[in-house]
Amino acid sequence: MFEERSKSRPRVVVVGTGGTIASSATVSTDFHNYDVSDSIEQILAAVPEAAELADLCGVQAVNISSHRIDNSILLSLARRVSEALDDPGTDGVVITHGTDTLEETAYFLHLVLRTTKPVVVVGAMRPARSLSSDGALNFFNAVATATTQSSRGKGVLVVANGHIYGARDVMKRDTSSIDAIQGSKFGILGEVREHAAQFFHSPVQRHTASSEFEINRLQELPQVDILFDHQAAGTHLCRASVEAGSKAIVVAGMGNGSLSPGLRKGAALARDAGVIFIRASRSGQGIVAPLHSDAELGIITAGSLPPQKARILAMLGIAHAKDIEQLQRAFDSY
Ligand code: ASP
């Protein structure tokens, strides 16, 4: 991957996928109407400061907005990152990504990459070349994090605004503000200071090198749908999901994952069709605790994973042929 070995400098593979960090608008003050325009080579050329930290090698996986990423892109991205990490010459990987679904990709990689090398996912809220664009500094900080020794073994990391988050506990929490990427109440892992990562916490759930999930065993991912519960919800969306071949339904339930009567009927319908039913919460924070009534409907609880990450874990668990008890154990440990 790298042409010539210069032992003194770390080597980082930079995988481009698109997103706002690779986008430009026609008006420098327009933060919403823009298109993906820049290749990974252009991103590297725009931040020469990053090349002072490491030898960088750009790889273009895709170049799209992250709301267009589907399961097959997720799989092929993970394979490319895994190949780059398998190269003994690679010390770390940075992935540039749209912020809309960054947390899903980061958590997927966190679960399937068998590595202790630093893997850092980074995006931007403002297009390149817009007023006060955040992309260049976020990218520089991501490379700084990937080249810091203490970033090893912490799973997939997300860097935004000088903060370092673990892939499991990071989420986009604002539609547009510059600090949209934030940690859950379980906290940030560290900060980038003086061109290096400084950590204060480590993730304790299973991930990367201690994960049982493996990208090489995955040909495809099963369909898992997310339904949003609300007052007066019907059962019809559960029925549609089952009929469309879904292998599991994640519900963004109310509060502690409470189900409306319509979704409770949907849980029974799913159980009868052999479709796994998972209670998560639409509240955005906190742990969904099991209820006595879960067992009778064969319901799994998502713990502190938000619905979009519960879907990622459910896809992997089902692809690795986990039964309901094993799946619940996975939700308790990843
Ligand atoms: N639309 C963008 C995306 O690709 C948003 C972003 O990157 O901030 O997710």
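Relevant structure appears above.
Residues numbered from 1 in each chain as written. Predicted model: local features only at pLDDT ≥ 70, side-chain atom pairs only at ≥ 80, totals over all residues. Heavy atoms only, no water.

Student: Would you mind showing me how to read the sheet that holds strand β8 (residues 163–166) here?
Tutor: Within a beta sheet, neighbouring strands are joined by backbone hydrogen bonds and run either parallel or antiparallel to one another. Strand order in the open sheet formed by 8 strands is β4-β1-β5-β6-β7-β8-β11-β12, with mixed pairing between adjacent strands. Since the sheet does not close on itself, it has two edges, and those belong to β4 (55–64) and β12 (196–199), each with one partner. Pairs of neighbouring strands in the sheet enclose a mean axial angle of 25°, with direction left out of account. Against the sheet, helix α2 (residues 71–86) touches β1 (11–18), β4, β5 (92–96) and β6 (119–122), its axis set at about 170° to β4. Where helix α3 (residues 102–112) meets the sheet, it contacts β5, β6 and β7 (156–160), and its direction lies at approximately 155° from that of β7. (Pairing = 2+ DSSP bridges. Helix = DSSP H or I, 4+ residues; strand = E, 2+ residues; numbered from the N terminus. Axes fitted to C-alpha atoms, helices over the stretch in contact; angles between N-to-C directions. Contact = heavy atoms within 4.5 Å.)

Student: I'm lost on the sheet that holds strand β13 (residues 224–228) in this one. Help?
Tutor: Taken in spatial order, the 4 strands line up as β13-β14-β15-β16 in an open sheet, and their pairing is parallel. The strands lining the two open edges of the sheet, one partner per strand, are β13 and β16 (299–301). Neighbour to neighbour, the strand axes of the sheet diverge by 25° on average, direction disregarded. Here 3 bridges tie strand β15 (residues 276–281) to β16, and the two strands are oriented parallel to one another. Bridge pairing links Arg279 to Thr301 in β16. On the sheet, helix α6 (residues 261–273) packs against β13, β14 (248–253), β15 and β16 and is oriented at approximately 150° with respect to β15. Across the sheet, helix α8 (residues 307–319) lies against β13, β14 and β15, angled at about 155° from β13, the strand it touches most.

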